[in-house]
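Chain residues, written in single-letter form:
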Amino acid sequence: MKKNYFYWWLSIFILIGAFLRIIKLDKNPPHLGNDEISIAYDSYSIRTTGKDEYGTFLPLSFKSHRDYKAPFYTYLNVPFNFIFGNNEYGVRFLSALAGTFGILLIGLIGRILGDDKVGVLSAFLLAINPKSIFVSRMSYESNLASILILLGIYFILKFKKILKNKYLIFAGVAFGFSIWTYHTQKGLVPLLLVMFPILWFKSIKFKKWSRLWITTLLIILPIIWDFIFVQMKDPYNRASSQIWFQSKSIQNYLHSTNDITFIKAIKILIDPVVRYVDHFDLDLLFFRGLDLFDKYEPLNIGWFLVATLPILILGLVKLKNILGIDNCILLIVWWLICPIVPSLTQGEVSAVRNLSFIAPTIIIMAVGLSSLIKNQRLFFITTVLILLNFAYFLVSYFINFPKIASDRFQYGYKQAWLEIKPIFNDFDSVIVEPRFGQYGQFVGLPRLYFGYFGAFNSIDMLNRNDELNNIGKVWIRNVNWNAEIVEDNSIYIVSVSNPINDKLNEKLELMSTIFKTNGDKQFLIYKTK
């Protein structure tokens with residue numbers, strides 16, 4: 001493939017990928033989710049006050065829901081919040097931009113490891129990858145972090161090719177800021193920093209890598225300080241309690257068993273091993289891992305299109321022939337390293353924690369697809385099947401998914417605020433229930449939604465009364481109608497599971513009902529008569 005053709009095709013796939021990641025970004029997903037609204041509000045608060053929602057000035061980690069989010073996404077998002085304002089684009093566009101940049105990077109990396117065809121096909125497969133599209137349309141810190149990992153790997157491959165030390169420094173900066181972006185990278189980056197020197201020890205002396213290691217270390221020193229002196233001092237820190245052996249099941253086992261130490265160790269260590277193997281579960285990867293719908297819903301999609309399974313297998317077979325032995329080993333080791341750190345955490349296998357796994361998998365698939373080019377008929381049939389599978393994903397994601405995803409994204413808080421916004425200044429108090437769902441079974445974050453979309457400003461948030469749960473004239477609390485003292489000039493926004501009783505019909509009237517995207521009721525809005 002001629003050089004200009006490579007960049008021409010790469011540009012086409014970047015544009016396609018950008019379109020898929022940006023179009024209707026304010027409509028799908030249908031509402032900002034739990035983590036998204038936290039990042040959105042903190043970006044807005046940093047831009048306007050220099051402080052997070054808890055009043056900490058320029059924090060090195062955002063306390064958020066006591067998960068102490070890594071700070072880079074929030075800070076990098078500030079200019080986008082300034083440009084787009086307090087809306088979905090003001091927090092999601094950065095992730096969409098990062099996902100699009102990833103298409104460029106994987107094309108360049110595929111070209112270095114293989115050839116122009118591998119590079120172009122890598123860009124094509126990532127542009128239409130379901131998981132990449134899904135996470136790029138939400139403000140996932142892990143998406144940005146995985147792209148920074150790709151950027152670091154690209155610079156290291158450039159160093160290997162040209163042997164200019166500046167690329168090691170660039171790689172160190174990228175790896176360092178990936179740690180600033182997402183917690184999983186604290187384990188993945190050190191593994192990568194060790195992987196390259198070991199694999200290339202014959203051609204590159206260990207001391208050459210010192211620039212990479214020192215640069216990365218200097219970049220992450222503030223994060224290390226914050227982890228030791230801020231995060232570790234919080235006994236309720238969720239981020240540091242996610243290691244697998246801290247799970248309730250293992251702790252209960254340790255406190256109740258009489259097994260000898262060796263047996264205990266085996267039973268504890270088997271859990272991350274099983275979880276590691278689960279990352280390669282074909283059902284997860286190709287059939288249901290995206291979790292668009294209920295677990296066993298037939299419309300579900302995997303992390304990858306099922307039509308790409310044959311080219312993944314073919315790619316593994318053809319890897320050595322097309323990439324050469326050195327690049328083949330590098331790609332396989334990179335692929336196998338990615339699930340290690342996510343396997344050490346609690347819960348089910350999460351693609352969000354293992355987004356770096358997508359890139360090497362895509363490149364292997366691209367190798368398999370490129371090996372079919374000589375057989376034009378087979379290449380055409382395979383490509384058509386992939387595109388048909390992709391069309392099925394588009395229908396599932398852009399048409400069906402928004403209709404059923406309301407509760408997952410705390411849908412309704414923004415809509416409730418927009419409903420009362422025209423009359424907000426005419427009332428003395430607005431009481432908002434944090435409960436939502438058909439039975440009021442979920443608990444949301446109305447203070448962040450109402451703050452972000454304009455019910456009060458960031459100064460009001462900093463001056464809030466946590467004991468009374470009020471911010472200005474907005475009160476966040478559950479409502480018990482049997483004990484509620486209804487004051488004049490008030491608005492109530494309550495879960496559909498909590499309608500007023502007959503005794504209050506004389507004082508309150510139903511002003512509006514907020515419906516989910518599937519047509520079910522979500523919130524009831526009452527106002528005093």
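Residues numbered from 1 in each chain as written. Predicted model: local features only at pLDDT ≥ 70, side-chain atom pairs only at ≥ 80, totals over all residues. Heavy atoms only, no water.

### Some remarks on the overall build of the protein
From N to C terminus, the protein includes 21 helices and 8 strands. Here the C-alpha radius of gyration of the protein, 25 Å, is about what a compact globule of 529 residues would show, namely 24 Å. Principal-axis analysis of the C-alpha atoms places the extent of the protein at approximately 80 × 55 × 50 Å. Of all 529 residues assigned to the protein, the portion counted as buried reaches 54%. Summarising the internal contacts of the protein: among those between residues at least 6 apart in sequence, 72% fall at separations of at least 24. By element, 61% of the accessible surface of the protein is carried by carbon and sulfur atoms, the whole surface being about 23,900 Å². (Helix = DSSP H or I, 4+ residues; strand = E, 2+ residues; numbered from the N terminus. Rg over C-alpha atoms; globule rule 2.2 N^0.38 Å. Buried < 20%, exposed > 50% of the residue type's maximum accessible area, 1.4 Å probe, protein only. Contact = heavy atoms within 4.5 Å. Areas by Shrake-Rupley, 256 points an atom, 1.4 Å probe, with all protein chains shown as cover.)

### Comments concerning the packing of helix α2 (residues 34-49) against helix α20 (residues 446-453)
Two elements in contact, α2 and α20, have axes separated by 9 Å at closest approach and are oriented at 45 degrees. Looking at the two axes, α2 sits oblique to α20. With respect to the hand of their crossing, α2 and α20 are arranged in left-handed fashion. Of the residues in α20, those touching α2 at N34, I37, S38, A40, Y41 and Y44 are L448, Y449, G451 and Y452. Of the residues that constitute the contact of α2 with α20, the class distribution is 7 nonpolar, 3 polar and no charged. (Axes fitted to C-alpha atoms, helices over the stretch in contact; angles between N-to-C directions. Parallel < 35°, antiparallel > 145°, perpendicular 65-115°, else oblique. Left-handed = near helix turned anticlockwise from the far one by under 90°. Nonpolar A, V, L, I, M, F, W, Y, C, P; charged D, E, K, R; others polar.)

### Examining the pattern of salt bridges
Throughout the structure, instances matching the rule amount to 12 salt bridges. With a shortest N-O distance of 2.9 Å, E88 and K414 are connected by a salt bridge. Within this pair, whereas E88 is found in the loop between α4 (78-84) and α5 (89-113), its partner K414 is found in helix α19 (residues 413-420), the two being separated by 326 residues in sequence. Of the two residues examined, E88 and K414, each falls in the buried class. Between R111 and D116 there is a salt bridge, with the nearest N and O atoms lying 2.6 Å from each other. Each of D35, D67 and K69 takes part in a single network of salt bridges with overlapping partners. (Salt bridge = Lys/Arg side-chain N within 4 Å of Asp/Glu carboxyl O.)

### Describing helix α17 (residues 358-370)
The terminal C-alpha atoms of α17, which comprises 13 residues, lie 18 Å apart, in line with the 18 Å expected from a rise of 1.5 Å per residue. Among the 13 residues that make up α17, 13 are buried, leaving the element largely enclosed by the rest of the structure. (Expected span 1.5 Å × (residues − 1).)

### Some words on the side chain of S178
Within the secondary structure, S178 sits in helix α9 (residues 166-179). Residue S178 is classed as buried on the basis of its relative accessible area, which comes to 0%. What S178 contacts, discounting residues up to four positions off in sequence, is A145, L148, I149, Q185 and V189.

### Topic: the packing of helix α15 (residues 309-323) against α17
Two measures define how a pair of helices packs: the angle their axes make with one another and the distance between the axes. The contact between α15 and α17 brings their axes to 7 Å, and the two run at 80 degrees. It follows that α15 is roughly perpendicular to α17 by the angle criterion. Between α15 and α17, the contacting residues are I311, L312, L314, G315, L316, K318, L319, I322 and L323 on the first element and T361, I364, M365, V367, G368, L369 and S370 on the second. Residue composition of the contact of α15 with α17, by class: 11 nonpolar, 4 polar and 1 charged.

### A word on the environment of I106
Looking at where I106 falls in the secondary structure, it is placed in helix α5. Look at I106 and you get buried, because its relative accessible area is 0%. Between the C-alpha atoms of I106 and F170, which are 64 residues apart in sequence, the distance is 17 Å. Once you skip the residues sitting within four places of it in the chain, I106 turns out to touch G119, S122, A123, L126, A359, I362 and I363.

### Digging into the sheet that holds strand β4 (residues 470-471)
The 6 strands are arranged β4-β5-β1-β6-β8-β7 in an open sheet whose pairing can be described as mixed. Edge strands, defined here as strands with exactly one partner in the open sheet, are β4 and β7 (508-515). Summarising the sheet, strand β6 (residues 490-495) and strand β8 (residues 521-528) pair through 5 bridges and their orientation is antiparallel. Counted as the bridge partner of S495 is F523 from β8. The sheet strands contacting α19 are β1 (429-432), β6, β7 and β8, and the helix crosses β7 at an angle near 135 degrees. (Pairing = 2+ DSSP bridges.)

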